[in-house]
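An overview of the molecular structure
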Amino acid sequence: MVCAAAGLRLPAPALAAAEAVVLGVLLLEAWVLYALYAAARAAGEEPRAALRTAVRAVVPVQVRRLLRHELRAGASLGRWVLRRKHGVRPGDLAAGYTGPQTAMMYGMVFVSVIETFALALLIPWPAVHRVVLVLDVYGVVLLLALHAACVTRPHVVGADGSLRIRYGALFDLAVPPDAVASVASVASVASVRVDRRYPEGRLVTLSEDGVLDLIVGSQTTVTLELNRPLTFTRPLGARATARTIRFHADDPRTLVTTLRRPA
């Protein structure tokens, strides 16, 4: 691929050997996938379930989740244009959280566009230019899709007292009503509160004492203490348990007030 991008003509035998190796790898993968599918069907699974089992055995969970995230983020672009929210029913409160990161996301999009034009002028090789152009355009679209996913997938306070804490298509934690039911009582009024903090760490950070921080723009504004430990899934598929959740909402007071209100 490097030689082809640089404009070098490869000897026919070398090119044929490389194509044969790639074809062999693809045939091997197809054979392994079919063997796993056949084994699942023999165990009594339905065709779709058997295919799902085979794919899970072959493709690592991290790759599956990243691919699912990109597909959902791409679909969010359509929702963003149509001004539709995902997972918000009548009577629910949709709480946005993109305020601290909006300027940064648009800044990254602007820089990526400038980079695309600059590289188009600087790269003299047509093949390399086409490859870089595709990657740059894909990067710009992906940045817009990430922001669109965050806009169209807000936090949701359900009419039944449940809470759904999200970050785009990367993180989705459903807190059932029984885990937050006590927040309506006088004795537990501090179980959910406006609490602005500036923690350090990645998007999803879990401390040793079970405090989960979902950080947006280097800050969180709401602290929720749970009645019981709650299991959640990290962006790349690992499972963990939290006793306290700290997350960001652009209007934390409205979210806290709604969550405290009896269902």
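Up top is the structure these notes are about.
The sections below set out a description of the structure shown in this document. (Residues numbered from 1 in each chain as written. Predicted model: local features only at pLDDT ≥ 70, side-chain atom pairs only at ≥ 80, totals over all residues. Heavy atoms only, no water.)

Focus: the pairing of strand S8 (residues 220–233)
Pairing between strand S5 (residues 192–197) and S8: four bridges, direction antiparallel. Paired with Arg-193 across the bridge in S8 is Thr-223. The sheet contact formed by S8 and strand S9 (residues 239–247) spans eight bridges and is antiparallel. Directly across from Phe-232, in S9, lies its bridge partner Ala-240. Hairpin connection, S8 to S9: the antiparallel pair is bridged by five residues, and Gly-237 has positive phi, about 105°. (Pairing = 2+ DSSP bridges. Helix = DSSP H or I, 4+ residues; strand = E, 2+ residues; numbered from the N terminus.)

Describing a positive patch on the surface
A contiguous patch of positive charge, built from Arg-48, Arg-52, Arg-56, Arg-68 and Arg-72, is present on the exposed surface. When contributions to the positive patch are tallied by element, the ones reaching two or more residues are helix H3 (47–58) and helix H4 (61–82). The element best represented in the positive patch is H3, accounting for three residues. Along the chain, the position of Arg-68 falls in helix H4. (Patch = residues over 30% accessible without salt bridge, like charges linked within 9 Å, V, L, I, M, F, W, Y side chains within 5 Å. Areas by Shrake-Rupley, 256 points an atom, 1.4 Å probe, with all protein chains shown as cover. Salt bridge = Lys/Arg side-chain N within 4 Å of Asp/Glu carboxyl O. Lys, Arg positive; Asp, Glu negative; His and termini not counted. Charge placed at Lys NZ, Arg CZ, Asp CG, Glu CD.)

Side note on the packing of helix H5 (residues 99–122) against helix H6 (residues 126–152)
At a closest axis distance of 10 Å, the pairing of H5 and H6 adopts a crossing angle of 170°. Here H6 runs roughly antiparallel to H5, going by the angle between their axes. Within the contact between the two elements, H5 uses Gln-101, Thr-102, Met-105, Tyr-106, Met-108, Val-109, Ser-112, Val-113, Glu-115, Thr-116, Leu-119 and Ala-120 and H6 uses His-129, Val-132, Leu-133, Asp-136, Val-140, Leu-143, Leu-144, Leu-146, His-147 and Cys-150. Within the contact of H5 with H6, the residues separate by chemical class into 14 nonpolar, six polar and two charged. (Axes fitted to C-alpha atoms, helices over the stretch in contact; angles between N-to-C directions. Parallel < 35°, antiparallel > 145°, perpendicular 65-115°, else oblique. Contact = heavy atoms within 4.5 Å. Nonpolar A, V, L, I, M, F, W, Y, C, P; charged D, E, K, R; others polar.)

Regarding a nonpolar patch on the surface
A cluster of nonpolar side chains, Leu-28, Trp-31, Val-32, Leu-36 and Val-58, forms an exposed patch at the surface whose accessible area comes to about 460 Å². Here the nonpolar patch gets four residues from one element, more than from any other, and that element is helix H2 (residues 12–42). On the secondary structure map, Trp-31 appears in helix H2. Note on Trp-31: relative accessible area 59%, which makes it exposed. (Buried < 20%, exposed > 50% of the residue type's maximum accessible area, 1.4 Å probe, protein only.)

Here we look at the nonpolar core
Counting 30 residues, the largest nonpolar core has Val-175, Leu-224 and Phe-247 as its most contacted members. Only strand S3 (163–167), strand S4 (171–175), helix H7 (177–180), strand S7 (211–214), S8, S9 and helix H8 (252–260) provide two or more residues apiece to this core. No other element matches the five residues that S8 contributes to this core. Setting aside chain neighbours within four positions, we find Phe-247 in contact with His-155, Leu-163, Ile-165, Leu-214, Thr-220, Thr-221, Val-222, Leu-224 and Leu-255. (Core = buried A, V, L, I, M, F, W, Y, C linked by side-chain atoms within 4.5 Å.)

Quick word on unusual backbone geometry
You will see that Arg-83, though not glycine, has its phi angle at about 60°, which is positive. For Arg-83, the location among the structural elements is in the loop between H4 and strand S1 (93–95). The residue Ser-218 is not glycine, and still its phi comes out positive at about 65°. Mapping Ser-218 onto the fold places it in the loop between S7 and S8. On the basis of relative accessibility, which here comes to 49%, the residue Ser-218 falls in the partly exposed class.

Section: the side chain of His-69
Mapped onto the fold, His-69 is located in helix H4. Apart from residues lying up to four places away in sequence, His-69 is in contact with Leu-146, Ala-169 and Leu-170.

Details of the pattern of salt bridges
As a working rule, side chains carrying opposite charge can pair if their charged atoms are close by. Within this structure, the stated rule accounts for six salt bridges. As a salt-bridge pair, Asp-172 and Arg-164 come within 2.7 Å of each other at their nearest N and O atoms. According to the relative accessible area criterion, Asp-172 is partly exposed, its value standing at 37%. For Asp-195, the salt bridge identified is with Arg-197, shortest N-O distance 2.7 Å. By relative accessible area, Asp-195 is classed as buried at 16%.

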